[in-house]
Amino acid sequence: MTSKCQSSDVLSQNLTAGTMMWESNLSKSSQDGVGKSASCGSVSVFFPITMMVTGMVGNSLAMLLVYSAYRKKENKRKKSFLLCIGSLALTDLFGQLLTSPIVISVYRADLKWKRVDPSGTLCAFFGVCMTTFGLCPLFLASAMAIERALAITAPHWYSQYMNTNVTKQVMVIIWFLVLLFALLPIAGVGKYTLQWPGTWCFITTGDKDVTGNTFFATTFAALGIFSLLVTLSCNVVTIRALVTRFKTKATSTHSSKQWERLTTETVIQLMGIMCVLLTCWSPLLVLMLKMISTHTSSHQCNSAAAVSLSSQDLQMDCNFFLTAIRLASLNQILDPWVYLLLREILLRKFCQVASAVSKCSLDVQKETQCPLDTLNKKAIQNDNVHKQSLNMENSNLNGGNEEQ
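Residues numbered from 1 in each chain as written. Predicted model: local features only at pLDDT ≥ 70, side-chain atom pairs only at ≥ 80, totals over all residues. Heavy atoms only, no water.

The next thing to look at is the state of the cysteines. The final tally for this structure, using the stated rule, is 1 disulfide. Cysteine 123 shares a disulfide with cysteine 201; S-S distance 2.0 Å. In this structure, the disulfide formed by cysteine 123 and cysteine 201 twists by about -115° around the S-S bond and is classed as left-handed. Separated by 78 residues along the polypeptide, cysteine 123 in helix 5 (residues 121-153) and cysteine 201 in strand 2 (residues 200-203) bring together distant segments of the chain. (Disulfide = S-S within 2.5 Å. Helix = DSSP H or I, 4+ residues; strand = E, 2+ residues; numbered from the N terminus.)

In structure tokens, the structure reads:
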């Protein structure tokens, strides 16, 4: 009897030990799942290094071209446009230089932010940079769109009131106001927190307990969407005015080819700008509004609880949020190419290709028509020869009758 009791006690002890080992292995596997998700292909140091290098090269080249062109140009209108492009390239360059080295350092520290920033002050600095150099390019793009729309639709007012001093003042006001807005979490309105996978800091979207957090996050998304709408509407107005002016110039002057080339290049450039802005910024802004409404945040994915089945939607949002912020950062790389570098290279090549395609289509039509024309000509010639022969025969017959 005692032996049976002892054996049952041993069996129960083994079962409890096995259960504890299974639970520990389960928790360990969940933690390993977080580590694997953090070390998957989407989370790689290759992305920040590539984006930093390409952003530095493109924006530096754009600034050099703007500086050399600004010294040569005497037209105030062209100088104002060059100032806008130079300010945009400078903003994007500083955004890359201030944020990318921090991300690379965190990757080198095995995705452990505390090794790089034990006090937490670097996270706040990173959040300020992300907000400042995220909104500034959007508002600078809006200012450039407004400037182009005024230059096309109201040229007399533009030449009278717009100059380089006004452009400089507008650029400084944009930088100053956006920086003040980005410093609100430092003053206690809103909060910057570490975001998944622990390599960057940004606005918290899900903490209701933080003072002014919902207001700050919603205002950021609203300002971004407002800037996109202003840019898109002004570019549409500019395209419509250019097409209307091209039609009048084409009927009234002999410089229709030049106006056609300039209008085509500008329309293609404006369409490219709108496509880049919508592709880069719409996912982030829309997802921020969604996460604000559901009171979720990307930093919640750093915990092991996010791997559970009930948090699969949150994990998907975190993965998409990381992709969206990369798309927004990609805008800093594409800006100099869309606004300046590709205008002289890609747009004229596109126009040449388009004209070549249209010319080839006309040649094809001519080639298809040529065999028909030759056949018709040959048929006509044969008919003429046949008619001539008949006439000769008739004349001969008439002549023979007269002799008889």
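Moving on, we come to unusual backbone geometry. The omega torsion of the bond from tryptophan 196 to proline 197 falls at 5°, within 30 degrees of zero and hence cis. Mapped onto the fold, proline 197 is located in the loop between strand 1 (192-195) and strand 2. Phi angles above zero are rare outside glycine, and leucine 111 is one such case at about 60°. For leucine 111, the position within the fold is in the loop between helix 3 (76-108) and helix 4 (113-116).

This brings us to the nonpolar core. Soluble globular proteins: nonpolar side chains tend toward being buried together. Core analysis: the biggest nonpolar cluster contains 64 residues, and Phe220 and Trp281 have the highest contact counts within it. Of all the secondary-structure elements, those providing two or more residues to this core are helix 2 (46-72), helix 3, helix 5, helix 7 (164-182), strand 2, helix 8 (213-252), helix 9 (256-294) and helix 10 (312-403). The element contributing the most residues to this core is helix 9, with 14 residues. With residues up to four places along the chain from it excluded, the contact list for phenylalanine 220 reads Thr131, Leu135, Phe181, Phe202, Ile203, Trp281, Leu285 and Met288. (Core = buried A, V, L, I, M, F, W, Y, C linked by side-chain atoms within 4.5 Å. Buried < 20%, exposed > 50% of the residue type's maximum accessible area, 1.4 Å probe, protein only. Contact = heavy atoms within 4.5 Å.)

Keep in mind these values describe shape, not function.
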